[in-house]
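Breakdown of the fold
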Amino acid sequence: MLPKPVKINSANFELSALSLDTCPEWELSEFAFIGRSNVGKSSLINFLCNQDGLARVSSTPGRTREINFFSVNNGAWSLVDLPGYGYAKVSKTDRQLFSEFVSDYLVERPNLVCAFVLIDSRHSPQKIDQEFVQWLVENKVPFALVFTKTDKVSATAVKTNIEAFQKAMAEWSEGEPKIFITSVKKRTGYREILGFVGDAIS
Ligand code: GDP
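Residues numbered from 1 in each chain as written. Predicted model: local features only at pLDDT ≥ 70, side-chain atom pairs only at ≥ 80, totals over all residues. Heavy atoms only, no water.

**With respect to the side chain of N46**
Note that N46 resides in helix 1 (residues 41–49). With relative accessibility at 13%, the residue N46 sits in the buried group. Separated by 2.8 Å, the side chain of N46 and the backbone nitrogen of A55 make a polar contact. What N46 contacts, discounting residues up to four positions off in sequence, is Q51, D52, G53, L54 and A55. (Helix = DSSP H or I, 4+ residues; strand = E, 2+ residues; numbered from the N terminus. Buried < 20%, exposed > 50% of the residue type's maximum accessible area, 1.4 Å probe, protein only. Polar contact = N/O pair within 3.5 Å; in protein donor to acceptor, adjacent residues only side chain to side chain. Contact = heavy atoms within 4.5 Å.)

Structure below.
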């Protein structure tokens, strides 16, 4: 058996897709990253891959609707950078949290093993994050929560905010979600995330 890839030795950008039928035709297990804008997604992806600037392409204005696929460790698995979510007004009355393509990807892509949902650990539970996670639960999308920027507030505040999120979730979800706690600045949390990926694909 191959050793678990708890370390990323290489991550190569493969392609950007704007629809399900332009996603890569490969068999790789995909691990996707998503969160509201500014949550620290690009920083976390670059940190996990130890490659500055890797995820930058996704936040370039005008390219924010694309899903970006990276091949990790020469095709051992794929890291997928999803567009950030937010309340976009699609008409006078409709609010849309994320695009139909993101929804299609999360619900229909057979390769998806886990969507890592990034949540800013500095805040008490935000409606937008809860709505998104609730949607994942309702649609049976496999996910884990990643609390980011934990160096920016006290450990007590991080714990309080995570517990509040869990408590809010308990009202509409059964079971406890998998949780990761990260800081790019302190370089923490990546072993746990990559260990989880390693376990999932072995
Ligand atoms: P994105 O919009 O979700 O891709 O967010 P970015 O990765 O661009 O991060 C937004 C801002 O938060 C940037 O100024 C980052 O330097 C900062 N940031 C991201 N992660 C951390 C972290 O773990 N600790 C600290 N202190 N700042 C962070």
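**Digging into the site of the ligand**
Surveying the vicinity of the ligand reveals 13 residues, the closest of which are N38, S42, S43, D151 and V184. Contacts to the ligand include G40, whose backbone N or O atom sits 3.0 Å from an oxygen atom. In this structure, K149 approaches the ligand through a side-chain N or O atom, which is 3.1 Å from an oxygen atom. Isolated, the ligand exposes 580 Å² of accessible area, and the fraction of that covered by the protein chains is 69%. For the shell around the ligand, the per-class residue count stands at 2 nonpolar, 6 polar and 5 charged. (Near = heavy atom within 4 Å. Areas by Shrake-Rupley, 256 points an atom, 1.4 Å probe, with all protein chains shown as cover. Nonpolar A, V, L, I, M, F, W, Y, C, P; charged D, E, K, R; others polar.)

**Regarding the nonpolar core**
Within the largest apolar cluster, 34 residues are counted, with the highest numbers of intra-cluster contacts made by Y105, L106, V117, F132 and L145. Looking at this core element by element, the count peaks at 5 residues for helix 3 (residues 127–138). Discounting residues that sit within four places of it in the chain, Y105 has contacts with L20, C23, E30, A32, I67, F69, V80, L82 and L112. Grouped together as the second largest cluster of nonpolar side chains are 25 residues, L44, I45, W77 and I193 included. (Core = buried A, V, L, I, M, F, W, Y, C linked by side-chain atoms within 4.5 Å.)

**Some remarks on the sheet that holds strand 7 (residues 112–120)**
Spatially, 7 strands are ordered 1-3-4-2-7-8-9 in an open sheet, and the strand pairing comes out mixed. In this open sheet, the two strands that pair with only one neighbour each are strand 1 (11–17) and strand 9 (178–181). Within the sheet, the average angular offset between the axes of one strand and its neighbour, ignoring direction, is 25 degrees. Of the strand pairs in this sheet, strand 3 (residues 67–72) and strand 4 (residues 77–81) are connected by 5 bridges, and their pairing is antiparallel. Paired with V72 across the strands is W77, a residue of strand 4. Across the sheet, helix 2 (residues 100–108) is in contact with strand 1, strand 2 (30–35), strand 3, strand 4 and strand 7; its angle to strand 3 comes to roughly 40 degrees. (Pairing = 2+ DSSP bridges. Axes fitted to C-alpha atoms, helices over the stretch in contact; angles between N-to-C directions.)

**Describing the packing of helix 1 against helix 5 (residues 190–201)**
As a packed pair, helix 1 and helix 5 sit with axes 10 Å apart at the nearest point and diverge in direction by 75 degrees. Here helix 1 is positioned roughly perpendicular relative to helix 5, judged by the angle of their axes. Residues L44, F47 and L48 of helix 1 lie in contact with helix 5, whose contacting residues are Y190, I193 and L194. (Parallel < 35°, antiparallel > 145°, perpendicular 65-115°, else oblique.)

**With respect to the environment of P142**
Here P142 shows up in the loop between helix 3 and strand 8 (143–148). Using a relative accessible area of 37% as the deciding quantity, one classes P142 as partly exposed. P142 sits 36 residues away from L106 along the chain, and the two C-alpha atoms are 8.8 Å apart.

**A few points about unusual backbone geometry**
Unusually for a residue other than glycine, K140 sits at a positive phi of about 55 degrees. Inspection of the secondary structure puts K140 in the loop between helix 3 and strand 8. You can call K140 exposed: its relative accessible area is 73%.

Spatial relationships are all this shows, so hold off on functional conclusions.
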